[in-house]
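Survey of secondary and tertiary structure
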Amino acid sequence: MQTTPAADTNDIAALKAVIASMQQELDYLRWQLAKARQERFGRSSERGDLLNQLALYQEAPIPMDTPAADTVIAPIKSDTPRQPSHRKPLPESLPREEHVLLPLTGCGCPACGGMLKPLGEDVSEMLEYVPASFKVVRTVRPKLACGRCDAIVQAPALSRPIERGLAGPGLLAQILVSKYCDHQPLYRQSAIYARHGAELSRSTLADWVTASSRLLRPLVQALHGHVTAGQKIHADDTPVPVLAPGRGKTKTARLWTYVRDDRPAGLDTPPAVWFGYSPDRRGEHPAKHLKHFAGIVQADGYAGFNRLYETGNVLEAACWAHVHRKFYDIAQQQASPLALEAIALIGELYGIEAQIRGQPADQRQQVRQARAGPLLASLHDWLHGTLRALSRKSALAEAIRYALARWVALTRYVDDGRIEIDNNAAERALRVVALGRKNYLFAGSDAGGHSAAAIYSLLGTAALNGIEPMAYLREVLARIADHPINRIQELLPWNLVLPCNEKAA
C-alpha cells in the first residue's frame with residue numbers, strides 16, 4: 001500500500017511531536033523523583049534552591065488561589081494563650097556580683113510601724129560586660145644580707161614566656177587568639193591597645209608572635225605525633241599569600257591540615273589537628289609531613305598526595321562531598337535533571353551515614369555493606385549509562401568521569417567503618433584560615449607562615465576538645481618555659497587541667 005508524500009510527512013511530524021512531549025514528561029517525572037529524594041536526603045541549605053527549579057520543567061505556572069487586590073485579609077486570632085518565652089539561663093560559670101535592694105522604710109512597716117519579717121525574695125539577673133584592661137605586675141625581690149658573714153640572699157627571678165620580654169602570658173594569649181581565632185590583624189590590635197593606654201607597635205606584636213610560636217614548638221611537635229599515630233587522617237590544603245622579599249609582590253604558599261578525629265566511629269580518642277606550612281604546593285610536602293604515618297588518608301583528588309599512596313603504607317579514601325559539589329554546581333547553573341538525579345542518589349548515601357554516625361566501626365561496616373553497597377552499585381551503573389549518552393565535552397560528563405576515576409577510593413569506606421564518607425573534617429579545620437585570610441590578606445614572611453601553622457594547630461585542637469582557647473593558651477604560656485621537655489604531653493589540650501574559673505562553659 002502506497003501513501004502520498006504529504007501523508008507521510010504529516011505522520012512523521014505527529015510522531016515527532018508525540019516523542020518530544022513524552023520526552024518532556026519523562027524529564028519532568030525524573031526531576032520530580034530527584035527532587036523527592038533530595039528533599040528527604042539532601043542538605044537543608046540546598047533544598048530551597050532545588051525547589052526554585054520546578055518552574056523550569058513545567059509547561060504552565062502552578063495555579064494558586066490568590067486573594068483579589070481589594071480583599072481585606074483579617075488576621076487570624078488564636079484562642080490559645082500566648083506561651084511565655086523560656087529564656088536560656090545565664091551560664092553558672094560566670095562570676096556574679098550581687099546587689100541587695102532593701103525597702104526605703106527599713107525594718108518598720110510603713111502602714112503600722114511593726115517589725116518586718118522575711119517572706120521571700122525576687123531575683124533577676126542582667127548580663128554585663130567588663131571592658132578589657134591592662135595592668136602592670138611588679139615583682140619585687142628583696143636582697144637580704146647576713147650580719148655575720150656578709151652573705152646575700154635573694155629569691156630567684158621568675159621565668160617569663162619571652163626572655164626579658166615585657167609581655168605576660170595573658171597578653172600573649174590575647175594577641176594570638178585575637179589574630180588566629182578572631183582574625184584581627186596586628187595593626188588593628190595595636191590601635192585597640194593604644195586606646196587602652198598601651199603603646200605597642202605592630203612590629204613589637206609581630207616579634208612576640210614569632211617568639212611565642214618558637215616557645216610552643218615542642219608542644220606542636222607532640223601534637224603532630226599524636227595526629228600521625230592514628231590509623232586514619234583527613235588531609236587538605238589551602239593557599240596563603242606571603243610577601244616575597246625584594247619582589248614587591250606576594251607569592252602563593254600553602255597551609256596543610258591533618259585531622260585525627262575518630263569520634264564518628266565511636267572512639268573516645270582525643271581529636272586533634274596539625275597544620276604545616278610550605279612555600280609551594282609540591283607533593284614532597286605531604287610526603288614529608290606524613291613520612292612516619294601508616295594507615296588511611298582521606299583527601300581530595302589533588303595529585304600531590306599520590307606520592308603517599310605509592311609507598312604502600314597509605315591507602316587512599318576519596319571524598320563524596322567533592323563529587324556531590326560538582327553535580328550541584330551543574331544543577332545550579334544548567335538546571336540539569338540528570339545532575340539532580342545524581343545529587344539525589346548521593347543524598348541517599350548521606351542519609352545512611354546520618355543514622356550510623358557515632359556507632360562502632362564494625363556496626364557501621366555492616367550497615368554500609370547491607371544498604372550503601374547496593375546503592376553504590378546502582379549509582380555506578382547509572383554513571384556509566386549516562387556517560388555514554390553525553391557529549392565528552394559537557395560539564396556533566398566531566399563530573400561523571402571525576403567520580404568514576406576515583407571509584408575505588410570513593411567506595412572504600414563501605415568496607416571499613418573507620419573511614420568517613422567525605423573529607424569535611426579537614427575542610428572545617430581550614431575554615432578558620434579562610435576567614436583570617438580575608439582580614440590580614442597575607443603573611444609577612446615564611447617565618448610568619450610557620451608561626452601561623454603552629455598557633456592554628458593548638459587553637460584548632462583546643463576547639464575540637466571543647467576547651468576555651470584563651471584560657472588554654474594563657475595556662476600553657478605561663479607554664480611551658482619551666483616545663484620539662486620529656487613531659488610535654490602534659491600540656492596537650494586534653495591533658496592540661498585548667499583552673500575551674502577558666503574552663504569553657
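Each remark here, short or long, concerns the structure printed above.
Here's a quick rundown of the structure. Only a predicted model underlies this, so the values are computations on that prediction, with no experimental measurement involved.

1. Considerations on the overall build of the protein
Assigned secondary structure in the protein consists of 16 helices and 7 strands. Within the span of the protein, comprising 505 residues, buried residues form 38% of the whole. Counting contacts in the protein only where the partners sit at least 6 residues apart, residues at least 24 apart contribute 65% of the total. Counting only carbon and sulfur atoms, one obtains 55% of the accessible surface of the protein, whose full area is about 31,200 Å².

2. Things to note about the pairing of strand β3 (residues 232-244)
Extensive coverage of β3 is indicated by the burial of 10 of its 13 residues. As defined by bridge partners, β3 adjoins strand β6 (residues 295-298) across 3 bridges and the pair is classed as parallel. Paired with Lys232 across the bridge in β6 is Ile296. Across 11 bridges, β3 lies against strand β4 (residues 249-260) in antiparallel orientation. Directly across from Pro239, in β4, lies its bridge partner Arg254.

3. A few points about the environment of Val123
Note that Val123 resides in the loop between α2 (44-51) and β1 (144-145). Residues Val123 and Val100, 23 residues apart in the sequence, show an inter-C-alpha distance of 9.5 Å.

4. Section: the sheet that holds strand β5 (residues 272-278)
An order of β5-β4-β3-β6-β7 is seen for the 5 strands of this open sheet, with the pairing classed as mixed. Taken across any chain shown, the strands that pair with only one partner, and hence form the sheet edges, are β5 and β7 (314-317). Shown here is a sheet whose adjacent strand axes are inclined to one another by a mean of 30°, direction ignored. In the packing of helix α6 (residues 217-228) onto the sheet, the strands contacted are β3, β4 and β5, and the crossing angle to β5 comes to about 115°. The strands touched by helix α15 (residues 446-464) within the sheet are β3, β4 and β5, with β5 carrying the most contacts at an inclination of about 170°.

5. Here we look at the packing of helix α5 (residues 202-215) against α15
It is at 9 Å that the axes of α5 and α15 come closest, and there the two elements cross at 60°. In terms of axis orientation, α5 runs oblique to α15. Taken as a pair, α5 and α15 cross one another with a handedness that is left-handed. For the pair formed by α5 and α15, the contact residues are Val209, Thr210 and Ser213 on the first element and Ser451, Ala454 and Ile455 on the second.

6. Digging into the environment of Asp482
Relative to the helices and strands, Asp482 is located in the segment after α16 (469-479). Assessed through its relative accessible area of 56%, Asp482 is described here as exposed. Distance from Asp482 to Leu158, taken between C-alpha atoms, is 9.6 Å for residues 324 residues apart in sequence. Within the structure, Asp482 has its side chain in polar contact with the side chain of Ser159 (distance 2.6 Å).

7. Let's talk about the packing of aromatic side chains
Counted under the stated rule, the structure contains 8 aromatic pairs. Taking the centre distance of 5.6 Å and the plane angle of 90° together, the rings of Phe134 and Tyr193 count as edge-to-face. Taken together, the residues Phe134 in the loop between α2 and β1 and Tyr193 in helix α4 (residues 186-195) connect sequence positions 59 residues apart. On the basis of relative accessibility, which here comes to 34%, the residue Phe134 falls in the partly exposed class. Classification of Tyr193 by relative accessible area gives buried; the value is 6%. With a centroid separation of 5.2 Å and an interplanar angle of 75°, the aromatic rings of Tyr180 and Tyr456 are classed as edge-to-face. Of this pair, Tyr180 sits in helix α3 (residues 169-180) while Tyr456 sits in helix α15, placing them 276 residues apart in sequence.

8. So, the side chain of Asp422
Locating Asp422 in the fold gives a position in the loop between α13 (407-411) and α14 (424-440). Among buried Asp, Glu, Lys and Arg side chains, Asp422 stands out as unpaired, with Arg428 the closest opposite charge at 5.9 Å. Setting aside chain neighbours within four positions, we find Asp422 in contact with His234, Gln298, Cys319, Trp320, Ala321 and Tyr350.

9. Some details on the layout of surface pockets
Here the second largest pocket defines a volume of roughly 1,500 Å³. Lining the second largest pocket are 27 residues, and of these Glu98, His99, Val100, Val123 and Ser124 lie nearest its centre. Taken together, the residues of the lining of the second largest pocket break down into 15 nonpolar, 4 polar and 8 charged.

10. Here we look at the pattern of salt bridges
The final tally for this structure, using the stated rule, is 15 salt bridges. A salt bridge links Arg368 to Glu353; its shortest N-O distance comes to 2.7 Å. Here the residue Arg368 occupies a position in helix α11 (residues 361-388), and Glu353 occupies one in helix α10 (residues 337-356), the gap between them amounting to 15 residues. When salt bridges with common partners are traced through the structure, they connect Asp237, Arg254 and Arg281 into a single cluster.

Thresholds, definitions, all that
Residues numbered from 1 in each chain as written. Predicted model: local features only at pLDDT ≥ 70, side-chain atom pairs only at ≥ 80, totals over all residues. Heavy atoms only, no water. Helix = DSSP H or I, 4+ residues; strand = E, 2+ residues; numbered from the N terminus. Buried < 20%, exposed > 50% of the residue type's maximum accessible area, 1.4 Å probe, protein only. Contact = heavy atoms within 4.5 Å. Areas by Shrake-Rupley, 256 points an atom, 1.4 Å probe, with all protein chains shown as cover. Pairing = 2+ DSSP bridges. Axes fitted to C-alpha atoms, helices over the stretch in contact; angles between N-to-C directions. Parallel < 35°, antiparallel > 145°, perpendicular 65-115°, else oblique. Left-handed = near helix turned anticlockwise from the far one by under 90°. Polar contact = N/O pair within 3.5 Å; in protein donor to acceptor, adjacent residues only side chain to side chain. Phe/Tyr/Trp six-rings, centres within 6.5 Å; stacked < 30°, edge-to-face > 60°. Lys, Arg positive; Asp, Glu negative; His and termini not counted. Salt bridge = Lys/Arg side-chain N within 4 Å of Asp/Glu carboxyl O. 1 Å grid on protein atoms, 1.4 Å probe; cavity = no way out; pocket = protein on both sides within 12 Å on 5 of 7 lines; lining within 4 Å. Points joined across faces, edges and corners; volume = space filled by probe spheres on them. Nonpolar A, V, L, I, M, F, W, Y, C, P; charged D, E, K, R; others polar.

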